[in-house]
Amino acid sequence: MTPLKTSWQAPSNIAIIKYWGKYGNQLPRNASLSFTLENAKTITTLTGEEKYASTNIDLVFLLDKVENQKFGQRISKWFETLLPYFPFLKEFKWVIESSNTFPHSSGIASSASGMAALALCLCDIASHFKSRSLETLTFDQKASFIARLGSGSASRSIIPFLSVWGKHSEVLSSSDEYAVNIDIPSVVRTYRDTILIVSPDEKSVSSSVGHGLMDLNPFSTARYVQANTNLTLLLDTLSQEDVHGFGKIAESEALTLHALMMCSDPSFILMKPQTLKIIEKIRLFRNETNLPVYFTLDAGPNIHVLYPQTVEPEVLPFIKSELLSSCHDGKILYDKVGKGPEKLS
Ligand code: PMV
C-alpha cells in the first residue's frame, strides 16, 4: 500500500473570553470565545506507513526537521485517547513533520495551532477508512472534536475568524465537544493583534496544572458564571460594533485569569514588571486619545494589543515609540484576525 500522506496549516488563536477550568474528557467549565489568527501558524505533514503488526502507537515527531521527543510523547498520549474513534492509528507508523511560522522563543504556545493542524491531517486520512465514529459531525466539527482532546483551546483554531467553544445559551449550535463559528460583524474581521513579547521563556506553569488549580480555587464557581455572562455581554458589544465595550470585557477577562492564578494554591504570578508597565501605558494612551486600544493576556507575561484596523495609523507609532523598549529584544509579532486552516496538498 502506498503511504498515506496529507499536509495542513492551522493558525493559533487568542481567547477573548477565557477557558480556564475543565472536567471529564477535556470538557470546558465555561464557554470561551477567540479570535483566530492569520500569521501565527503551524504547517504539518502527516505520513503513515503500514506496519506488519498493529500493536502500539508508533510515531516520530519532527519540528523543523529535528526530532522532538517531548512533544512526540505528548502526541503519542493524545493518539492513545483517539483509538476509540480512529482504530487505524495502531496500524501505521506515523511521521509528523511540523514547522511554525512564528519563532521558537517567542512565548507563543504552538499547542493550539499544532494540535489543530494535526487533527485536520488525521481527519483527512480517516476519510480513507470506513469508520462510523463521529459520523454525525461535519469535517470541521470532527477536526475540532479531535483537536480538543489534544488541547482544549486547539478546538477553536479550526474555525475561521471568531470561534466559540462550550455550550452557551446565546449560541444555538454551540457544544462542549467542538467549537463553532458565529456570525461576525465586519469590524471584527479587521481586528489587529499586535503581540508584545515581554519574555520568550516557556510558561512557568502548564495549562493543565492551571486548569487543575481551578478545582480548589474558592472563586471557581463564580468565575464560570461570570465567563458565560461575559460571553453574552461580548456578543452584544460585537453586534453593536461597540469596540470600547468589547475591549473592556477583553481586559477584564485577561486580568481575571491572572487574578485566579494569583489566588490559587500554590499561587502563581504570571506577569512581569514590564507587563504592568505596558498595561499602564496602553491605558494612559487610551485615556488621552479615546482610541479603542485594549489588551488581552494569555497565561503568561506577553501582551496582545487589540484594535480595529481603522486606528492602526495612530496605534503603530505609539507601540513603536512607547512600548517597543519594554519588549524582550524589541520583539513584536504583528498578527490579525484570520480566515482559518487550509489544506496544502
Ligand atoms: O488549551 P489549553 O489547555 O492550553 O488552555 C488554554 C488556556 C488559555 O490559553 C489561558 C485560555 C484560552 O481560552 O485559550
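Residues numbered from 1 in each chain as written. Predicted model: local features only at pLDDT ≥ 70, side-chain atom pairs only at ≥ 80, totals over all residues. Heavy atoms only, no water.

Caption draft 1: Main features of the site of the ligand. Around the ligand sit 13 residues in total, of which Tyr19, Ser153, Arg156, Ser207 and Asp298 are the nearest. A distance of 2.9 Å separates an oxygen atom of the ligand from a polar backbone atom of tyrosine 19. Arginine 156 places a polar side-chain atom, nitrogen or oxygen, 2.7 Å from an oxygen atom of the ligand. For the ligand, whose free accessible area comes to 380 Å², the fraction covered by protein is 93%. For the shell around the ligand, the residue count by class is five nonpolar, five polar and three charged. (Near = heavy atom within 4 Å. Polar contact = N/O pair within 3.5 Å; in protein donor to acceptor, adjacent residues only side chain to side chain. Areas by Shrake-Rupley, 256 points an atom, 1.4 Å probe, with all protein chains shown as cover. Nonpolar A, V, L, I, M, F, W, Y, C, P; charged D, E, K, R; others polar.)

Caption draft 2: Spatial organisation of the packing of helix H8 (residues 273–289) against helix H9 (residues 312–323). Between H8 and H9, whose axes approach to 11 Å, the crossing angle comes to 140 degrees. Taken together, the axes of H8 and H9 are oblique relative to one another. For the crossing formed where H8 meets H9, the hand is right-handed. Residues Ile278, Lys281, Ile282 and Phe285 of H8 form the contact with H9, whose own contacting residues are Glu314, Val315, Phe318, Glu322 and Leu323. Within the contact of H8 with H9, the residues separate by chemical class into six nonpolar, no polar and three charged. (Axes fitted to C-alpha atoms, helices over the stretch in contact; angles between N-to-C directions. Helix = DSSP H or I, 4+ residues; strand = E, 2+ residues; numbered from the N terminus. Parallel < 35°, antiparallel > 145°, perpendicular 65-115°, else oblique. Left-handed = near helix turned anticlockwise from the far one by under 90°. Contact = heavy atoms within 4.5 Å.)

Caption draft 3: Expanded view of helix H3 (residues 139–150). Over its 12 residues, H3 extends 17 Å from the first C-alpha to the last, a length consistent with the 16 Å expected when each residue adds 1.5 Å. Those residues of H3 not exposed but buried are Ala143, Ser144, Phe145, Ile146, Ala147, Arg148, Leu149 and Gly150. Buried-residue contacts for H3 involve strand E3 (27–28), helix H1 (69–82), helix H2 (111–126), strand E8 (162–165) and strand E9 (179–181). (Expected span 1.5 Å × (residues − 1). Buried < 20%, exposed > 50% of the residue type's maximum accessible area, 1.4 Å probe, protein only.)

Caption draft 4: A look at the sheet that holds strand E10 (residues 191–196). Spatially, four strands are ordered E11-E12-E10-E13 in an open sheet, and the strand pairing comes out antiparallel. Each edge of the sheet is formed by a strand with only one pairing partner; in this case those strands are strand E11 (294–297) and strand E13 (332–336). Each adjacent strand pair in this sheet contributes to an overall mean axis angle of 25 degrees, direction not counted. Relative to E13, E10 runs antiparallel, the two being bridged by five bridges. Across the sheet, residue leucine 196 finds its bridge partner in E13, namely isoleucine 332. Against the sheet, H9 engages E10, strand E12 (303–308) and E13, with an angle of about 155 degrees to E12. (Pairing = 2+ DSSP bridges.)

Caption draft 5: Summary view of unusual backbone geometry. In this structure, the amide linkage connecting aspartate 265 to the following residue, proline 266, adopts the cis form with an omega of 5 degrees. At aspartate 64, a residue that is not glycine, the phi angle is positive and equals roughly 50 degrees. Non-glycine residue glutamate 241 carries a positive phi angle of around 50 degrees. One can find glutamate 241 in the loop between helix H6 (220–239) and helix H7 (243–262).

Caption draft 6: Just H9, in detail. By the burial criterion, the buried members of H9 are Val315, Phe318, Ile319 and Leu323. Across the axial projection of H9, the buried residues extend over an arc of 100 degrees, all falling on one side. The exposed set on the far side of H9, more than 90 degrees from its buried face, consists of Pro313 and Ser321. On its buried side, H9 packs onto E10, H8, E12 and E13. (Arc of directions from axis to C-beta.)

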